[in-house]
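Now for the letters of each chain:
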Amino acid sequence: MGADGRPDRHAAWQEPAQDRRGCGMNQTTLPRPHSRNLGFERKLSQALEGEVRFDAFTRGRYATDASIYQIVPQGVAFPTSEADIAAALTIAAEHGVPVIARGGGTSQNGQPIGDALILDMSRHFNAIRDYDPAARTVSVAPGIVLEALNTHVRKDGLFFPVEPSTASRCTIGGMVGNNSSGARSLRYGKTVDNVIALKAMFHDGEPFALGEGPVGDNASPRARALMEQMLGLADRHRDEIEAIFPKVQRRVGGYNLDELIVPRPNLSHLLVGSEGTLALTTQATLKLSPLPQHRVMGVCHFPNFRAAMETTQHLVALGPVAVELVDNNVLVLGADIPLFVRTLADITKGKPNCLLLVEFAGDDLAALKGDLRRLDQCMADHGFPDAVVEVVEPARQKPVWEVREACLNIMMSMKGDGKPVSFIEDCAVPLEHLADYTDAVTALFERHGTRGTWYAHASVGCLHVRPILNMKTEAGVKAMRGIAEEACELVRRFKGSFSGEHGDGISRSDFVEPMFGGPLTRAFEAVKDGFDPNNRLNPGKIVRPYHMDDRSLMRFPPGYATPVPAETALDWTDWGGLGGAVEMCNNNGTCRKMAGGTMCPSYRATREEQHVTRGRANTLRLAISGQLGPDAFTSPDMKEALDLCVSCKGCKRDCPTGVDMARMKVEFLHHYHGKHGLPLKERLIAYLPRYAPLAAKLAPLMNLRDRIPLLARLSERWLGFSARRSLPVWRAPWREAAGPSSPSAVRGDGRDIVLFGDTFNRYFERENLEAAERVLKAGGYRLHHVEAAGGGRPLCCGRTFLSAGLVDEARAEARRTLDALAPFVARGARVVGLEPSCVMSFRDEFGALLPKAEVEPLAKAALLLEELLAADMAAGRTSLPLRDQGGRVAHLHGHCHQKAFDAMGAVEKTLRAVPGLEVRPIESSCCGMSGAFGYGAATIDVSLAMGELSLLPAVRKAAAGDLVVADGTSCRHQIHDGAGREAVHVVRVLDGALKD
């Protein structure tokens, strides 16, 4: 402990000290990147059934949450049972090592990080134990994700009604630890209001249970004595609790002593919101609520922020379940994020400054529509007539809530060093003071030379506000401290709560005493000492805290820089360099969601932090800033962290801050292979477009591998191609129907098309390109055959070279292709292709390989065939003579890059243009094949596991006569190998439906 009674600060990466004092925090301050406590590690590994990891890379991935802080732990364990947790606590106590339980790692104030042993509860300790739908109760292990729990109970018309915006990845244990709330807390309250009982363990592994009423007779003398002590403590401080605890619903600061002075206290509620500083929860019994049959929403438009704040209390008086703010920052930034553009256009009219989303819920739809009419009248009464957009249909409401839930991450998508910083965002004030409070905070920001972003729960006076600061500078950190101190005084003046939803953690524990005063703070310390006398559980939070402005605890400590690599292969100018691009990850954990969207397929298959976008970004950031050692960026450990990234580009779309891990992997592989050389397997894949013309001529010889089992086994041993996976079949290549064309032949009337023949369709599935020629001609298009200057092999997008990090080779292909296509594009031709990964390279990677000004015309002119047809059919520029399919069903799987670039709508529209064809989209992430990834002997198991998450089971359920449609070459191969079905490109469906 330091002289002030707080844990000593440290930057991390330290040898665990043998001489431990106070809370057992590390006294050493010299960074030692690869030091490990081998004795502690060995004993844990022997005692736990779950895995234990002490390597520097794993520790680095668990050093951060969604806050500004970073403290590297001593090790990470993945418990599988209560026995594992008890053993970990016991052994940690013997070695003087603190312990921190961690769920999804989405806390915004540094709660689950520290110089301690981290217990990751989310990977294994996540089961549903007891479920009684009749009683509306459920008991769960703390590692279960909220969305997974609600998916399980939804079939019975129930849900756990505390729904934070991180519901897709936050765990119940984390929600209990933080006393989480959600958008609908106006009706359902906080987590504490929905917890029935908890089972937990003391710091030394002894189990106990708490619930409503006295501690049971079977409880240990220790547990009974402790809770009698806590009840007595609360009673002695009754007057201070009643006078000082804020009288707002959103109050989660300190410990819940107020829950112990009610007539019939639920003793488990003292643990709720304690952030794992008192005990480790091993089971939570929760109260479930009936799902309302209907929800309706009114989107209220306001010309300025104060008007919205003044009106909030009047809207709340109408009895909604939620009133949520979407501020101007979100409206402006969201308009540039493909995931949200369409939704924002749907719910806004004109140019409002901000929105309030007002939701009503119940079982009578007619009554709810009446509520919307009352809402419209209320807005008119307060000077805003015709300012409500009604959103009644559930399909329209879902994307609106997705925008609201992504507000924080949308704002964090700001590029550059200045970011919205979380440290006062949970302040909650009574509604009558909301407008004055927000004005005062805005003026506070102006005095400190910045501005803020606002969002969240207007209904309960808990508006999440983040000033924009550069936390890489001393000035930014100093401004943060000053703003926090002044904001604390404002909250006290307006009789609010400084910590209203996301807990104290490191950011706000400094302000527990200013908010609650000395006597109550000493009472909180007595609570901590009663449960955890040696300060072994998550020290430095709530009582005797870290200093919130201690830069040695931060992700960007003094001297932070990203000098590695000295020169980049790709253009990172838009982010201010590779470091800026990597730092776009704010650890919000959206990539950990297990359903919906594409991101992150490897995490969904493995559930390992190492194999999620966030884990990779953290590892890259630590490596390029030198925190993992001098050669970490090009180390085998770094490569292992990126090996299961399938470059699906799901993060490019699904990650609200736009982390582009696919592009980062290309950059990394360029440097890694430059240092270590390119293995033969990767070389064969990368150079495929260059040797394909010769290989096609030797097709009978090339295809022997899958006909002779011995050759398949040898290819696995020598090259790394799995013998369990068939390889593409070489065939005579596609030959364009027309001879080479001249740019002068382009008329510029919208009907000139260059059909780009990618390597995969050209040499392995030429029937797709042949079908495309017939379909395009049937649509009245003119086809132009384009060759590179001087002829030679066909044009190539360079995708295979990028997959191996051969950036210079990819750049050469991009230049060759751009030079050939640019004259045609300049005269009005459009470039149409079939393989999504190739066509999207024109829009994406070409801009990182070549000057953007040169690439932009091609990027705009490059289309997938279905994008061309959908746009032109909608505009009346073309039509296809198609036969009725008589009700045939087409099951549609989307290629990851189609999803990433918002092209799936075009595929569906094109297929739905076929008369009598029923289109059923398959809700799936990546198919798992991802080019060469699915062929690897080292990756085939993960590849198949990705396919089994949703795609392959859905295909197996399809009727024998149904079509399975997939535009990606890899996707079709995975479906063939994994489900035994033949999938076809959308152009084959169109071609088959053409009238003779």
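Up top you'll find the structure we're talking about.
All values reported here derive from a predicted model rather than from experimental measurement.

Calculation notes
- In every chain, residue numbers begin from 1 and rise along the written sequence.
- Only residues with pLDDT of at least 70 get local features here, since the model is predicted, and only at 80 or more are side-chain atom pairs given and counted; chain-wide, interface and lining totals rely on the full set of residues.
- With hydrogens and water set aside, each side-chain value is computed from the structure's full complement of heavy atoms.
- Cysteine sulfur atoms are paired as a disulfide whenever they fall within 2.5 Å.
- Helix and strand definitions here come from DSSP, where helices need a minimum of 4 consecutive H or I residues and strands a minimum of 2 consecutive E residues; each element is numbered from the N-terminal end.
- Think of it in three bands: residues with accessible area under 20% of the maximum for their type are buried, residues over 50% are exposed, and the middle band is partly exposed, with areas taken using a 1.4 Å probe on protein chains only.
- For this analysis, residues touch if any pair of their heavy atoms sits within 4.5 Å.
- The salt bridge definition used is simple: a Lys or Arg side-chain nitrogen within 4 Å of an Asp or Glu carboxyl oxygen.
- DSSP bridges decide pairing: two strands pair if at least two such bridges lie between them.
- All axes are obtained by fitting lines to C-alpha atoms, using only the stretch in contact for helices, and the reported angles, taken between N-to-C directions, cover 0 to 180 degrees.

(A) Summary view of the state of the cysteines. As enumerated under the stated definition, the model contains 0 disulfides in all. Here Cys591 stays unpaired: no disulfide links it, and the sulfur of Cys585, its closest cysteine neighbor, is 6.2 Å away. Of the cysteine sulfurs around Cys927, a residue in no disulfide, the closest is that of Cys971, at 4.0 Å.

(B) Geometry of the side chain of Asn179. Turning to its location among the elements, Asn179 is positioned in the loop between helix 5 (172-178) and helix 6 (185-188). The class for Asn179 is buried, based on a relative accessible area of 1%. Residue contacts for Asn179: discarding those within four places in its chain leaves Lys190, Thr191, Val192, Val252, Asn256, Val272, Gly273 and Glu501.

(C) Quick peek at the pattern of salt bridges. Here the structure, examined in full by the defined rule, presents 76 salt bridges. Across the pair Glu583 and Lys472 runs a salt bridge, and its minimum N-O distance is 2.6 Å. Residue Glu583 is found in the loop between helix 19 (578-582) and helix 20 (601-606), and its partner Lys472 is found in the loop between strand 18 (462-470) and helix 16 (474-493); the two are separated by 111 residues along the sequence. In this structure, Arg799 and Glu845 form a salt bridge, with 3.1 Å as the shortest nitrogen-oxygen distance. One end of the pair, Arg799, is in helix 31 (residues 799-803); the other, Glu845, is in the loop between helix 33 (836-843) and helix 34 (846-849), with 46 residues separating them in the sequence. There is no split in this pair, since Arg799 and Glu845 are both buried.

(D) Focus on the sheet that holds strand 25 (residues 963-966). If you walk across this open sheet you meet the 3 strands as 24-23-25, and the pairing is parallel. Of all strands in the sheet, those bounded by a partner on one side alone are strand 24 (917-921) and strand 25. Mean inter-strand twist for the sheet, computed between neighbouring axes without regard to direction, equals 30°. Summarising the sheet, strand 23 (residues 888-893) and strand 24 pair through 5 bridges and their orientation is parallel. Paired with Ala890 across the bridge in strand 24 is Val919.

(E) Main features of the sheet that holds strand 17 (residues 452-457). Read across the open sheet, the 7 strands follow the order 15-12-14-13-17-18-16; overall the sheet is antiparallel. Because the sheet does not close on itself, it has two edges, and the strands there are strand 15 (388-391) and strand 16 (418-420). For this sheet, the mean angle separating the axes of adjacent strands, direction not counted, is 20°. Bridge count between strand 17 and strand 18: 6 bridges; the pairing is antiparallel. Bridge pairing links His457 to Cys462 in strand 18.

These figures come from the coordinates and say nothing about function on their own.
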